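Letter by letter, the chains look like this.
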Amino acid sequence: MAFDSNDKKDQFVMDVPFTSLQTQDGCLVSSVQEGYWFLNEVAVNKSAHNLSAILHINGELDLSALDRSLKAIIKRHAPLRTIFYWSMNTLLQKQIQMDTDFQISGLCSKCEIIHPSATLEKLINSNVNESFDLGNGPLYRFKLYKIGKNSYKFLIVFHHIIADFHSINIFI
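No experiment lies behind these values; they were computed from the predicted model shown.

## Quick word on the overall build of the protein chain
Counting its secondary structure elements, the protein chain contains four helices and eight strands. Along the protein chain, from the amino end to the carboxyl end, the secondary structure elements read β-β-β-α-β-α-β-β-α-β-β-α. The burial tally for the protein chain puts 35% of its 172 residues in the buried class. A fraction of 66% describes how many contacts in the protein chain between residues 6 or more apart in sequence connect residues 24 or more apart. Roughly 11,300 Å² of accessible area belongs to the protein chain as shown, and the carbon and sulfur atoms make up 53% of that amount.

This is the structure in structure tokens:
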């Protein structure tokens, strides 16, 4: 930015030309996304950049409403439909189209109650530590665990390439 002394003190003139990030094949990625992609490729622990949150839900749960809500969020927010791939030596991102009746895995209407907390902890850790396929997606995971008659743990996992902790807080 450059200050134009002929104008008011608070007015600035932009000297940076606008460049479209859209290519014929997809959109260019940010340097941060490229960094996360590279780290994901070289990491021994491919889940190192998974972000997760667990919500404890008490009371009757309308699974149909939860399913519809998650689907609406995914359809509305492009990062949740994004995959990453190489084309002509350039890392690109592309939003994939979702079928109108796609399934949210991890939600079950007749889940068995998980009793021992050690079993629940193992299941949660397994889902949190499962890696994502950045080239095929999806780069999110939802899992509902029934821990009592009307008591649930709802796990949300995103790859850091499409979300950050601020995004998760907004999502919740």
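## Details of the environment of Pro79
Examined against the element boundaries, Pro79 turns out to sit in the loop between α2 (63-76) and β5 (82-87). You can call Pro79 partly exposed: its relative accessible area is 40%.

## A closer look at the layout of surface pockets
Approximately 240 Å³ is the volume attributed to the largest pocket. Take the lining of the largest pocket: its biggest share by element is three residues, from helix α4 (residues 165-171). Considering only residue class, the lining of the largest pocket consists of eight nonpolar, two polar and no charged.

## Observations regarding the environment of Arg68
For Arg68, the location among the structural elements is in helix α2. Separated by 36 residues in the primary sequence, Arg68 and Ile104 place their C-alpha atoms 9.3 Å from one another. Engagement of the side chain of Arg68 in a polar contact is seen with the side chain of Ser64, the distance being 2.6 Å.

## Some thoughts on the environment of Gly59
Among the structural elements, Gly59 can be located in the loop between β4 (50-58) and α2. Residues Gly59 and Asn150, 91 residues apart in the sequence, show an inter-C-alpha distance of 4.8 Å. Once residues within four sequence positions are removed from consideration, Gly59 is found in contact with Asn150 and Tyr152.

## Describing the sheet that holds strand β7 (residues 140-148)
Strands sit in the order β4-β8-β7 across an open sheet of three strands; the sheet is antiparallel. Edge positions in the sheet fall to β4 and β7, since each has one partner strand and no second. Averaged over all neighbouring strand pairs, the angle between strand axes comes to 15°, with direction disregarded. Taken together, the nine bridges between β4 and strand β8 (residues 151-159) define a ladder with antiparallel strand orientation. In the strand pairing of β8, Leu51 is matched with Phe158. The sheet strands contacting α2 are β7 and β8, and the helix crosses β7 at an angle near 165°.

## A word on the side chain of Asn40
Of note, Asn40 is situated in helix α1 (residues 31-42). Sequence-distant contacts of Asn40, defined by excluding residues within four places in its chain, comprise Lys46, Phe132, Leu134 and His159.

## Details of α1
In this model, α1 (twelve residues) spans 17 Å end to end at C-alpha, consistent with the 16 Å of a helix rising 1.5 Å per residue. Buried within α1 we find Gln33, Tyr36, Trp37 and Asn40. Buried positions in α1, seen along its axis, are confined to an arc of 100° and lie on one side of it. Exposed and facing more than 90 degrees away from the buried side of α1 are Ser31 and Val42.

## Considerations on the sheet that holds β5
Spatially, β3-β6-β5 is the arrangement adopted by the three strands of the open sheet, whose pairing is antiparallel. Looking at the sheet topology across the chains shown, the edges are occupied by β3 (27-28) and β5. By the bridge criterion, six bridges tie β5 to strand β6 (residues 90-95) in an arrangement that is antiparallel. Paired with Ser87 across the two strands is Thr90, which belongs to β6. α1 rests against β5 and β6 of the sheet, and its axis sits at about 80° to β5.

Criteria and cut-off values
Residues numbered from 1 in each chain as written. Predicted model: local features only at pLDDT ≥ 70, side-chain atom pairs only at ≥ 80, totals over all residues. Heavy atoms only, no water. Helix = DSSP H or I, 4+ residues; strand = E, 2+ residues; numbered from the N terminus. Buried < 20%, exposed > 50% of the residue type's maximum accessible area, 1.4 Å probe, protein only. Contact = heavy atoms within 4.5 Å. Areas by Shrake-Rupley, 256 points an atom, 1.4 Å probe, with all protein chains shown as cover. 1 Å grid on protein atoms, 1.4 Å probe; cavity = no way out; pocket = protein on both sides within 12 Å on 5 of 7 lines; lining within 4 Å. Points joined across faces, edges and corners; volume = space filled by probe spheres on them. Nonpolar A, V, L, I, M, F, W, Y, C, P; charged D, E, K, R; others polar. Polar contact = N/O pair within 3.5 Å; in protein donor to acceptor, adjacent residues only side chain to side chain. Pairing = 2+ DSSP bridges. Axes fitted to C-alpha atoms, helices over the stretch in contact; angles between N-to-C directions. Expected span 1.5 Å × (residues − 1). Arc of directions from axis to C-beta.

Keep in mind that these numbers describe shape and distance, not what the molecule does.
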